[in-house]
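# Secondary and tertiary structure notes
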Amino acid sequence: MLKIIGKIIKWTLIVFFTSSVLMVIVYRWLPVYVTPLMVFNTIGHVFKGEKATFFHEWVPLHRMSQHLPIAVISSEDQNYPIHHGFDLQAIEQAVEYNKTHTRKRGASTISQQTAKNVFLWQGRTWLRKGLEAYFTFLIELFWSKERIMEVYLNSIEMGDDIYGSEAVAKQHFNKTAELLTREECALIAASLPNPHKYNSAQPSPYLVKRKYAILRQMKFVEYAYPQLKGYTIKD
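The following paragraphs examine the structure supplied in this document. (Residues numbered from 1 in each chain as written. Predicted model: local features only at pLDDT ≥ 70, side-chain atom pairs only at ≥ 80, totals over all residues. Heavy atoms only, no water.)

## Considering the overall build of the protein chain
On a plain count of helices and strands, the protein chain comes out with ten helices and three strands. For the protein chain, the sequential pattern of α-helices and β-strands runs α-α-β-α-α-α-α-α-β-β-α-α-α. Since a compact globule built from 235 residues should have a radius of gyration of about 18 Å, the 19 Å found for the protein chain is in line with a globular shape. In terms of overall dimensions, the protein chain has a C-alpha envelope of 65 × 45 × 45 Å along the principal axes. (Helix = DSSP H or I, 4+ residues; strand = E, 2+ residues; numbered from the N terminus. Rg over C-alpha atoms; globule rule 2.2 N^0.38 Å.)

Right, here's the structure in full:
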């Protein structure tokens with residue numbers, strides 16, 4: 001009996017690791033048209049008796065405003081160009097901050113958020129966090145930084161049932177992602193911590209304040225990482 005259980009565990013692990021690596025390799029080139037978050041949120045609408053719909057349209061990185069990667073790096077993960085998936089300094093700062101504050105601060109990088117959005121479900125269990133670290137390692141190993149950014153900007157939730165730069169550009173600004181202005185990109189980045197609460201199409205005074213803070217940070221990020229201007233993956 002123990003041998004059978006051992007074999008089942010062994011082959012389960014082999015299948016999981018093989019399939020996960022293959023999936024990451026495939027997504028190195030294949031557009032991500034749907035994510036678990038899109039599916040779960042859509043199912044949630046159905047159970048509530050609401051209209052099941054979401055807005056998403058894949059576009060390559062070079063068809064997005066050049067300001068958008070700078071804006072999200074400035075807002076979400078300023079060490080993104082130089083870390084390998086995990087920002088140890090940000091993690092240490094978050095741990096110290098959370099010791100004395102009831103409202104907890106996270107330290108997820110853009111790579112971690114991408115891994116979570118594309119391959120996993122939402123939640124804060126140790127299992128999900130462990131798998132998030134595993135998939136973050138894989139995408140940092142097999143994908144370029146440009147590719148991670150491309151997938152991130154196509155999969156991140158940017159409003160109610162709005163996923164990715166092209167969808168938010170059309171739904172909130174009536175234009176394509178390629179035509180987003182520097183200020184509009186900063187507004188979108190400002191809304192990312194809670195896109196259900198903060199609407200980039202109708203910014204609150206708080207969101208406008210965050211927008212200007214991000215615009216200032218964008219100047220420093222552009223100065224520190226001039227290579228970001230080359231984030232133009234071609235088809």
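## Notes on the pattern of salt bridges
Counting across every chain of the model gives nine salt bridges. In this structure, Arg 147 engages Glu 150 in a salt bridge whose closest nitrogen and oxygen atoms are separated by 2.6 Å. Of the two residues, Arg 147 and Glu 150 both sit in helix H7 (residues 145-155), three residues apart, roughly one turn of that helix. By relative accessible area, which is 5% here, Arg 147 ends up buried. For Glu 150, a relative accessible area of 4% gives the class buried. (Salt bridge = Lys/Arg side-chain N within 4 Å of Asp/Glu carboxyl O. Buried < 20%, exposed > 50% of the residue type's maximum accessible area, 1.4 Å probe, protein only.)

## Here we look at the packing of helix H5 (residues 110-119) against H7
As a packed pair, H5 and H7 sit with axes 9 Å apart at the nearest point and diverge in direction by 55°. Judged by the inter-axis angle, H5 sits oblique to H7. Between H5 and H7 lies a crossing whose hand is left-handed. Taking contact as the criterion, the partners of Ile 110, Ser 111, Gln 113, Thr 114, Asn 117 and Val 118 in H5 are, on H7, Lys 145, Ile 148, Met 149, Val 151, Tyr 152 and Ser 155. (Axes fitted to C-alpha atoms, helices over the stretch in contact; angles between N-to-C directions. Parallel < 35°, antiparallel > 145°, perpendicular 65-115°, else oblique. Left-handed = near helix turned anticlockwise from the far one by under 90°. Contact = heavy atoms within 4.5 Å.)

## Considering a nonpolar patch on the surface
Judged by side-chain polarity, Tyr 33, Val 34, Val 39, Phe 40, Ile 43, Phe 47, Phe 54, Trp 121 and Leu 127 come together as a nonpolar surface patch covering roughly 920 Å² of accessible area. Among the elements that take part in the nonpolar patch, helix H2 (residues 36-47) stands out by supplying four residues, more than any other. With respect to the element layout, Tyr 33 can be found in the loop between helix H1 (2-26) and H2. (Patch = residues over 30% accessible without salt bridge, like charges linked within 9 Å, V, L, I, M, F, W, Y side chains within 5 Å. Areas by Shrake-Rupley, 256 points an atom, 1.4 Å probe, with all protein chains shown as cover.)

None of this, on its own, says anything about what the molecule does.
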